[in-house]
Amino acid sequence: KQEVTQIPAALSVPEGENLVLNCSFTDSAIYNLQWFRQDPGKGLTSLLLIQSSQREQTSGRLNASLDKSSGRSTLYIAASQPGDSATYLCAVINQAGTALIFGKGTTLSVSS
Amino acid sequence: DAGVIQSPRHEVTEMGQEVTLRCKPISGHNSLFWYRQTMMRGLELLIYFNNNVPIDDSGMPEDRFSAKMPNASFSTLKIQPSEPRDSAVYFCASSLVATHEQYFGPGTRLTVT
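Residues numbered from 1 in each chain as written. Chains lettered and ligands numbered in written order. Predicted model: local features only at pLDDT ≥ 70, side-chain atom pairs only at ≥ 80, totals over all residues. Heavy atoms only, no water.

A. Molecular detail of the nonpolar core. Counting residues in each nonpolar core, the largest one holds 22 residues, and the members touching the most others are F25, L33, W35, L75, I77, Y88 and L108 of chain A. Counting only elements with at least two residues in this core, the list comes to strand 3 (19-25), strand 4 (30-38), strand 5 (44-51), strand 7 (62-67), strand 8 (72-77), strand 9 (86-94) and strand 11 (106-111) of chain A. When residues no more than four places from it in sequence are discounted, the contact partners of I77 of chain A are E17, N18, L19, R61, L62, D84, Y88 and L108 of chain A. Within the second largest apolar cluster, 21 residues are counted, among which are L46, A67, A88 and C92 of chain B. (Core = buried A, V, L, I, M, F, W, Y, C linked by side-chain atoms within 4.5 Å. Buried < 20%, exposed > 50% of the residue type's maximum accessible area, 1.4 Å probe, protein only. Helix = DSSP H or I, 4+ residues; strand = E, 2+ residues; numbered from the N terminus. Contact = heavy atoms within 4.5 Å.)

Right, here's the structure in full:
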């Protein structure tokens, strides 16, 4: 059974720092991996989608990498801002494309 | 595009009552998913539809839960009878089968007293 783990559960950094959020999964037979952002009381916003054949995706200050063989993904946030404060969720989709399995998330707090 | 639309946004009901949650997926998307989010268990998939047909309902917790998708633009999740442990945020998401990138609605916060 696929399990997704995110470390750390919470992270506090001062504004301007570069940071890395980690995600690991137990079954490397995935179709793709998706990173989401969730603000308190809100829905999920898709940040980046990495296909299983890809190694990384970039969007603005965000860069996500994928290493299927080791079952790991990282989300790199450059020059963090207070507006980046949110919970970041990693999810893998199985090869049939029928299910997203989520980690519990990393709650990020960026102080000004 | 308006994105995935869910209603109601908040629902407070008493134990034993029937609850119906509604979802309108993004136009053109052919897959629809219902999830439940709690502090203890995080986000869990309840049921998945492809082209309006339920494909996997193994995540539906009990027979009290049922979901329908009568057409490509509408789905419901019903709980009958509701119980306090059903209190959670319920999300609907949709995607294209070709990409599997899922887009989530704002969620319905359900409180059962």
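Resuming the write-up.
B. Molecular detail of the interface of chain B and chain A. Contacts between the two partners involve 19 residues from chain B, matched on the other side by 21 residues from chain A. For the chain B face of the interface with chain A, the top three residues by lost area are L43, H100 and F104 of chain B, together amounting to 34%. Counting the contacts that link chain B with chain A gives zero salt bridges. The interface formed by chain B and chain A includes four residue pairs in polar contact (both at pLDDT 80 or more). Broken down by secondary-structure element, the contributors of at least two residues to the side of chain B that touches chain A are strand 4 (31-38) and strand 5 (42-50) of chain B. The greatest single-element share of the side of chain B that touches chain A, amounting to four residues, is contributed by strand 5 of chain B. Residues belonging to the side of chain B that touches chain A are distributed by class as follows: ten nonpolar, six polar and three charged. (Buried area = accessible area lost by both parts, 1.4 Å probe. Salt bridge = Lys/Arg side-chain N within 4 Å of Asp/Glu carboxyl O. Polar contact = N/O pair within 3.5 Å; in protein donor to acceptor, adjacent residues only side chain to side chain. Nonpolar A, V, L, I, M, F, W, Y, C, P; charged D, E, K, R; others polar.)

C. Quick peek at the environment of S65 of chain A. All names here are of chain A. Position of S65 relative to the elements: it lies in strand 7. Taking C-alpha positions, S65 is 17 Å from G105, a pair spaced 40 residues apart along the chain. Leave out the neighbours within four places in its chain, and S65 touches I50, R55, E56, R72, S73 and T74. At a separation of 2.6 Å, a polar atom in the side chain of S65 contacts the side chain of T74.

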